[in-house]
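# Structural overview for review
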Amino acid sequence: MEHLCPQIEQLVSCFTCSSQTLPPYRLCAKAHVGCPSCIKYMSLCACGSHFLKSPNTIFDWVVSAMKLQCKYRANDVDDDVGSSGPEQVDCADRWFTVQELRDHYLTGCTKNLFTCPLQNCGHVARVDTITDHYETVHGPFEPLSFNNQQAPKCAIFKLHAKKQSQILKKICNGYFMFSVKKFRRRYNEFNPIPLSMQNINPSDSLKYTYTALLESNQKMIIVSVTLVEPYNFWPKI
């Protein structure tokens, strides 16, 4: 298949976040592929063009007639966790149709296993299904909306500063685990806020930044999570 289309992986990769994308395809005005996440949350393609509103049917047909490789094929496998079952296959050198690849990611791949990092859980799911576990076992979670007019891609919320906790928040496609450590002394430049953030959705290719500020009474932490736009389309003043 590589000699038929040596650049097939590049052709079906999202131009903005580089993740593998399957049909139906939507392109930008310069014919770059956009994944569903980037089309939904990004204002523009990484090239600066707007995404088209309708899918590209012809491109869908062309790719659906080809075979693709598993995007996880180069991952190392833990023998204790990734033991092969009756439905699991070694995908290192295998080519799949689009539907075979969808099914492979959900049930057959031995290289996309993912362990829930939440405290006292340890459930083993797959990269493509772990968010279902978060919702059914630890959720459900209401997605936080962007609520900052000055920074349109920013979500702001508060966390308790004096209480040790592990809190999960959903923003866009990300599931963010915030860990607050108990801290009795007053916060200052020498004693920073004991807060850490980790996006525990391994299939989320979007990029984020966050800041944390302490309220004057030192009881609540104001957290701001911002979606990073790869193309700076804001006019310069």
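Check the entry above for the structure.
These numbers come from a predicted model, not from an experiment.

Our next topic: the overall build of the protein. Counting its regular elements, the protein contains five helices and 12 strands. Looking at the protein residue by residue over its 237 residues, the buried ones come to 39%. Contacts in the protein between residues far apart in sequence, at least 24 positions, make up 51% of those at least 6 positions apart. Accessible surface computed for the protein: about 14100 Å², of which carbon and sulfur atoms make up 51%.

Let us now look at the sheet that holds strand S10 (residues 195-199). Hydrogen bonds between backbone groups are what pair the strands of a sheet, and the pairing can be parallel or antiparallel. Read across the sheet, three strands follow the order S8-S9-S10 without closing on themselves; strand pairing throughout is antiparallel. Among the strands making up the open sheet, the edge pair consists of strand S8 (165-171) and S10. When the angles between neighbouring strand axes are averaged without regard to direction, this sheet yields 20°.

What follows deals with the nonpolar core. Generally speaking, a soluble globular protein has its nonpolar side chains buried in company with each other. Core analysis: the largest hydrophobic core is formed by 27 residues, its most contacted members being Phe178, Leu206, Val223 and Val225. For this core, the secondary structure elements donating two or more residues are helix H2 (36-41), strand S7 (154-160), strand S9 (174-180) and strand S12 (220-227). If we ignore the near neighbours within four places in the chain, the residues touching Phe178 are Phe157, Leu159, Ser165, Gln166, Ile167, Lys169, Leu195, Ser196, Met197, Val223 and Val225.

Here the focus is the side chain of Lys153. Here Lys153 shows up in the loop between helix H5 (130-138) and S7. Within the structure, Lys153 has its side chain in polar contact with the backbone oxygen of Tyr41 (distance 2.6 Å). Excluding residues within four positions of it along the chain, Lys153 makes contact with Tyr41, Met42, Ser43, Phe146, Val225, Thr226, Leu227 and Glu229.

This brings us to the packing of aromatic side chains. Applying the stated criterion to the full structure yields seven aromatic pairs. Here the aromatic rings of Tyr25 and Phe59 are separated by 4.8 Å at their centres, their planes lie at 55°, and the arrangement is tilted. Within this pair, whereas Tyr25 is found in the loop between helix H1 (8-11) and strand S1 (26-27), its partner Phe59 is found in helix H3 (residues 57-64), the two being separated by 34 residues in sequence. With relative accessibility at 18%, the residue Phe59 sits in the buried group. An aromatic cluster of three or more residues is present, and its members are Tyr134, Phe141 and Tyr175. One residue, Lys71, lies across the ring of Tyr105, its end atom 5.1 Å from the ring centre.

Let's shift gears to H5. Listed in full, the buried residues belonging to H5 are Ile130, Thr131, His133 and Tyr134. Buried residues of H5, viewed axially, fall in a sector of 150°; they line one side. In this structure, the buried side of H5 is in contact with strand S5 (113-115), strand S6 (124-126), S8 and S9.

With that settled, consider the sheet that holds strand S11 (residues 208-214). Read from one edge of the open sheet, three strands run S7-S12-S11, paired in antiparallel fashion. The sheet is open, and its two edges are formed by S7 and S11, each paired on a single side. If you compare each strand with its neighbour and ignore which way they point, the axes differ by 20° on average. Bridge analysis of S7 against S12 gives seven bridges, and the strand direction is antiparallel. Across the sheet, residue His160 finds its bridge partner in S12, namely Met220.

Glancing now at the pattern of salt bridges. Counting across every chain of the model gives three salt bridges. Notably, a salt bridge pairs Arg73 with Glu9, separated by 2.5 Å at the nearest N-O pair. With Arg73 in the loop between strand S3 (68-69) and strand S4 (95-96) and Glu9 in helix H1, this residue pair connects regions lying 64 residues apart in the sequence. Residues Glu229 and Lys153 are paired through a salt bridge, measuring 3.9 Å at the closest nitrogen-oxygen approach.

Moving on, we get to the pairing of S11. Summarising the sheet, S11 and S12 pair through seven bridges and their orientation is antiparallel. Looking across to S12, one finds that Tyr210 is bridged to Val225. The turn linking S11 back onto S12 is made up of five residues, and Gln218 within it adopts a positive phi angle of 60°.

Scoring rules and cut-offs
- Numbering of residues begins from 1 in every chain and follows the order in which that chain's sequence is written.
- Local features in this predicted model are restricted to residues of pLDDT 70 or higher, and side-chain atom pairs are both shown and tallied only at a pLDDT of 80 or more, whereas totals for entire chains, interfaces and linings draw on every residue.
- Water and hydrogen atoms were dropped before computing side-chain values, which therefore reflect all heavy atoms in the structure.
- Here a helix means four or more residues in a row that DSSP labels H or I, a strand means two or more in a row labelled E, and each is numbered from the N terminus.
- Burial here depends on accessible area, computed with a 1.4 Å probe over protein chains only, as a share of the maximum for the residue type. Under 20% is buried, over 50% is exposed, and the range in between is partly exposed.
- Any two residues whose heavy atoms approach within 4.5 Å at even a single point are treated as in contact.
- Residue exposure ignores everything except the shown protein chains as possible cover, and the areas themselves are Shrake-Rupley values with a 1.4 Å probe.
- When DSSP finds two or more bridges between two strands, those strands count as paired.
- Structural elements are reduced to axes, namely lines fitted to C-alpha atoms, with helices fitted over the stretch in contact, and the angle between N-to-C directions of any two is expressed from 0 to 180 degrees.
- Each nonpolar core is a collection of buried residues, namely Ala, Val, Leu, Ile, Met, Phe, Trp, Tyr and Cys, held together in the definition by side-chain atoms within 4.5 Å.
- For this analysis, a polar contact is any N or O atom pair within 3.5 Å, provided that within protein one partner can donate a hydrogen and the other can accept it, and provided that sequence-adjacent residues contribute only side-chain to side-chain pairs.
- Aromatic pairing here means that ring centres of Phe, Tyr or Trp (its six-membered ring) are within 6.5 Å. Orientation follows from the plane angle: under 30 degrees is stacked, over 60 is edge-to-face, and everything else is tilted.
- Comment: the charge-over-ring label is applied if NZ (Lys) or CZ (Arg) is within 6 Å of the ring centre and within 35 degrees of the ring normal.
- What the arc measures is the spread of directions leading from the helix axis to the C-beta atoms.
- By definition here, a salt bridge exists when the distance from a side-chain nitrogen of Lys or Arg to a carboxyl oxygen of Asp or Glu is within 4 Å.

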